[in-house]
Amino acid sequence: MSESTSSVDNGVNVEALLGAREALSQAPEAAQFKWRATCDWVKGTHSKSSVTSFFGLGEEQQHRREFTFEADHPEVFASEDLGATPVEVVLCGLASCLMAGVAAVAQHRGIQLNSVKATLEAGMDIQGILGIDADVRNGFDGINVSFEVDGDASAEDLEALVAQSQKRSAVFDIVTNPTNVNVSVTKTG
Amino acid sequence: MTGSSDDQPARSVDAVVIGAGHAGLAISHCLREQGVDHVVFERGEIANSWRNERWESLTLLTPNWQCRLPGFSYSGDDPDGFMSMSEVIDFIERYAGKIDAPVLTRTEVTSVRRNADQYEIATATGNWRSRAVIVASGACNLPVFPPVASASPALVSTLTPHDYRNPSQLDDGGVLVVGASATGLQLADEIQQSGRAVTIAVGEHVRLPRIYRDRDIQWWMHATGILDESLDEIDDIVRARNIPSPQLVGSRDRQILDLNAMSDLGVRLVGRLMNFNGTVAQFSGSLRNVCALADLKMGRLLDTIDEWAARQPEAESFSPPERFARTRIDDHPCLTLDLDRDGIRTILWATGYRPDYQWLDVPVLDRKGKLRHDGGVVSDSPGMYVLGLPFLRRRKSSFIHGTEDDARFIANHLTGYLARQ
Ligand SMILES: Cc1cc2nc3c(=O)[nH]c(=O)nc-3n(C[C@H](O)[C@H](O)[C@H](O)COP(=O)(O)OP(=O)(O)OC[C@H]3O[C@@H](n4cnc5c(N)ncnc54)[C@H](O)[C@@H]3O)c2cc1C
């Protein structure tokens, strides 16, 4: 594995990331993060989610501004299509996470990236969500991600970059491995 | 402290070695060469781990020519063969005899404490005091389980490589082998061939061909200097120390033991075991990526070997470079498996090993229970050393042939320490 080369610039501050890795391995408490989102129902299948704060490095942290995401279902589901379908938001999360990893690993390995595009497709048998067939799962039956990478390295090295990014990706882990989900309900209003 | 020995005065010696595996014996030889008065404690017999903690069919994955220790090497007529367990035990026993090692067998060390500049060692047969301690008690004393093991369904029996001897001890049903490194693949192979249907859960692994360009892979790893790589040549030593064992087996027919060979035998490949939900096992969807990582990593190693080979004066004499088929994965590897419905009756945890330091009463373990050391020198406790851990000083450190360099370094360091004290 080669060290980061100063002439390579993918816009990733690898020194800072490596410094954080070193510091956090000494202070594992600071590595405990909490990620949050809130979501408000608008109307029908349309909802609006936002993220503002998270916890990490031992204290509350603020995003530079609030980010909002609208989600809805498409017209074929008799909805108004006022936002991405939630499952598409999941694909966006996976793609962005892998993309960030590709850039960071490329910087670390001294590979200059010129352009990178990921295209995702996930199959789903909607007999699951419609409750037609109990043997069909609700979620994806698989996700295909294809990366097109223009970078200054061999095809194998670029492939290794994308493989390493999967190995380090949070969203890749979240979608490939089970996670306990606890949902609680409070009556209001 | 053991009650009976309390009344006897502690015996005194310059150095004690804990463990009479090959590592403890090798350092004993080096200490004797330096004239350091010492004794070796062994809880069982010489080569105890090889006698009691290995399965029957196991052979070394390192060839006979590579079996050497300081002042001793393989002298039989099959340098390219691989030792069986009885041959390994015999090899190590003959070494102990040849170097006339001062071993006290059946002498378990129950506590090591530090008192000012001295160590106090309690053993099953009496107390000792020394100025230096060498921990050579082994890297593989206990099997390691992932946290998910505690949720194993009651209907299956669970087994570790330390309990496993041969397939006949298993129920006739299917077997889930968790872990695809040397141990997992060797056992999956043997159990599948015994007629039991094996499923193997595959996390990150190291793929290596047994034979490359007509030579044993260990020959290449040795010749290129990869096995000699030392601490200062590695950017991430923590990672290097945690690399799993390579998918290799030392068999007469030099078979390639990889996941494709497993598939050919009919073994089912699934992703890393993540969770149990009642009797349903859940596997990670990362199987394809862990296989891609291993394929790519093997490719890079073979590139390194080829580049080295091309630079040699005898470059012409090597067979041409080869590349191996990628790991074949089903389009839809199984993600959940009901062990009950699928007839799986045994889970074999081939998820690694760790040392046992329960007897060590000196605060030198990190928060993960690993001994903190600097190339074998336990800097937090002067006079204490450790030997036989993965990548202690070099990539070869945990192998029989890797012990000599480390043992010599430690014996020198220790001699210097005793002289300064
Ligand atoms: C399945 C397996 C296959 C391997 N295959 C190979 C191979 O092919 N080639 C190779 O070179 N290496 C191989 N190794 C790695 C390595 O060579 C072995 O792990 C080897 O046993 C390590 O030698 P050691 O002397 O460091 O430890 P050990 O052989 O484990 O010796 C440690 C000794 O310390 C004793 N001991 C432990 N605690 C105490 C105590 N409290 N008091 C007194 N005595 C104690 C133990 O009884 C034991 O005899 C393999 C390891 C395993 C687990």
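Everything numeric in this text was worked out from a predicted model, so none of it was measured. (Residues numbered from 1 in each chain as written. Chains lettered and ligands numbered in written order. Predicted model: local features only at pLDDT ≥ 70, side-chain atom pairs only at ≥ 80, totals over all residues. Heavy atoms only, no water.)

Draft legend 1. Looking closely at the environment of A:Ser53. All names here are of chain A. Along the chain, Ser-53 turns up in strand S2 (residues 46-56). Placed 19 residues apart in sequence, Ser-53 and Lys-34 show a C-alpha to C-alpha distance of 9.2 Å. Setting aside residues no more than four positions away along its own chain, Ser-53 makes contact with Arg-36, Glu-60, Gln-61, Gln-62 and His-63. Looking at Ser-53, its side chain comes within polar contact range of the side chain of Arg-36, at 3.1 Å. (Helix = DSSP H or I, 4+ residues; strand = E, 2+ residues; numbered from the N terminus. Contact = heavy atoms within 4.5 Å. Polar contact = N/O pair within 3.5 Å; in protein donor to acceptor, adjacent residues only side chain to side chain.)

Draft legend 2. Main features of the interface of chain A and chain B. Every contact between the two is made by 17 residues of chain A and, on the other side, 19 residues of chain B. For the pair chain A and chain B, the summed buried surface comes to about 1,500 Å²; carbon and sulfur atoms form 47% of the total. On inspection of chain A and its partner chain B, the count reaches 3 salt bridges. Its salt-bridge partner being A:Lys167, residue B:Glu204 comes within 3.0 Å of it at the nearest N-O pair. Those elements that place two or more of their residues in the side of chain A that touches chain B are helix H1 (14-26), helix H3 (155-168) and helix H4 (170-176) of chain A. Looking at side-chain class alone, the side of chain A that touches chain B contains 6 nonpolar, 5 polar and 6 charged residues. (Buried area = accessible area lost by both parts, 1.4 Å probe. Salt bridge = Lys/Arg side-chain N within 4 Å of Asp/Glu carboxyl O. Nonpolar A, V, L, I, M, F, W, Y, C, P; charged D, E, K, R; others polar.)

Draft legend 3. Spatial organisation of unusual backbone geometry. Residue and element names in this part refer to chain B. Look at Ala-47: it is not a glycine, yet its phi comes out positive at around 65°. Locating Ala-47 in the fold gives a position in the loop between strand S2 (38-41) and helix H3 (48-52). With relative accessibility at 1%, the residue Ala-47 sits in the buried group. The phi angle at Arg-213 is positive, at roughly 50°, despite the residue not being glycine. In this structure, Arg-213 sits in the loop between strand S14 (211-212) and strand S15 (215-216). (Buried < 20%, exposed > 50% of the residue type's maximum accessible area, 1.4 Å probe, protein only.)

Draft legend 4. Inspection of the domain arrangement of chain A at higher detail. Residue and element names in this part refer to chain A. Assigned domains within chain A: domain 1 (12-83) and domain 2 (85-176). Between the C-alpha centres of domain 1 and domain 2 the distance comes to 18 Å. At the interface, 10 residues of domain 1 touch 7 residues of domain 2. Together domain 1 and domain 2 conceal approximately 670 Å² of surface at their shared face, both sides included; 76% is due to carbon and sulfur atoms. Considering only the side of domain 1, the residues that lose the most area to domain 2 are Val-12, Val-14 and Phe-77, jointly responsible for 51% of the buried surface there. Counting across the interface, domain 1 meets domain 2 through 0 salt bridges. Broken down by element, the side of domain 1 that touches domain 2 gets its largest block of residues, 3 residues, from H1. Partitioning the side of domain 1 that touches domain 2 into residue classes produces 7 nonpolar, 2 polar and 1 charged. (Domains from an automatic or database assignment.)

Draft legend 5. Seen up close, the site of the ligand. Residues and elements named next belong to chain B. Not every one of the 30 residues close to the ligand is listed here, only the nearest: Glu-42, Ser-49, Leu-61, Thr-62 and Ile-400. Note that an oxygen atom of the ligand is positioned 2.6 Å from one of the backbone N or O atoms of Leu-61. Here Ser-398 contributes a backbone N or O atom positioned 3.4 Å from an oxygen atom of the ligand. Here the ligand, which alone exposes 970 Å², has 94% of that area covered by the protein. At 3 residues, the largest contribution of residues to the shell around the ligand is made by H3. (Near = heavy atom within 4 Å. Areas by Shrake-Rupley, 256 points an atom, 1.4 Å probe, with all protein chains shown as cover.)

Draft legend 6. Expanded view of the domain arrangement of chain B. Residue and element names in this part refer to chain B. Its domain assignment divides chain B into domain 1 (11-141 + 355-420) and domain 2 (144-349). Domain 1 and domain 2 are separated by 28 Å when their C-alpha centres are compared. Contact with domain 1, which involves 32 residues of that partner, is made by 33 residues of domain 2. Summing both sides of the interface, domain 1 and domain 2 together bury roughly 2,600 Å²; the carbon and sulfur share of this comes to 51%.

Draft legend 7. Examining helix H5 (residues 182-193) of chain B more closely. Residues and elements named next belong to chain B. Across its 12 residues, H5 extends 17 Å between first and last C-alpha, which sits within 8% of the 16 Å expected from 1.5 Å per residue. Of all 12 residues in H5, 11 are buried, a share of seventy percent or more. Here H5 has its buried residues at Ala-182, Thr-183, Gly-184, Leu-185, Gln-186, Leu-187, Ala-188, Asp-189, Glu-190, Ile-191 and Gln-192. Directly after H5, the chain includes Gly-195, whose backbone phi takes a positive value near 100°. (Expected span 1.5 Å × (residues − 1).)

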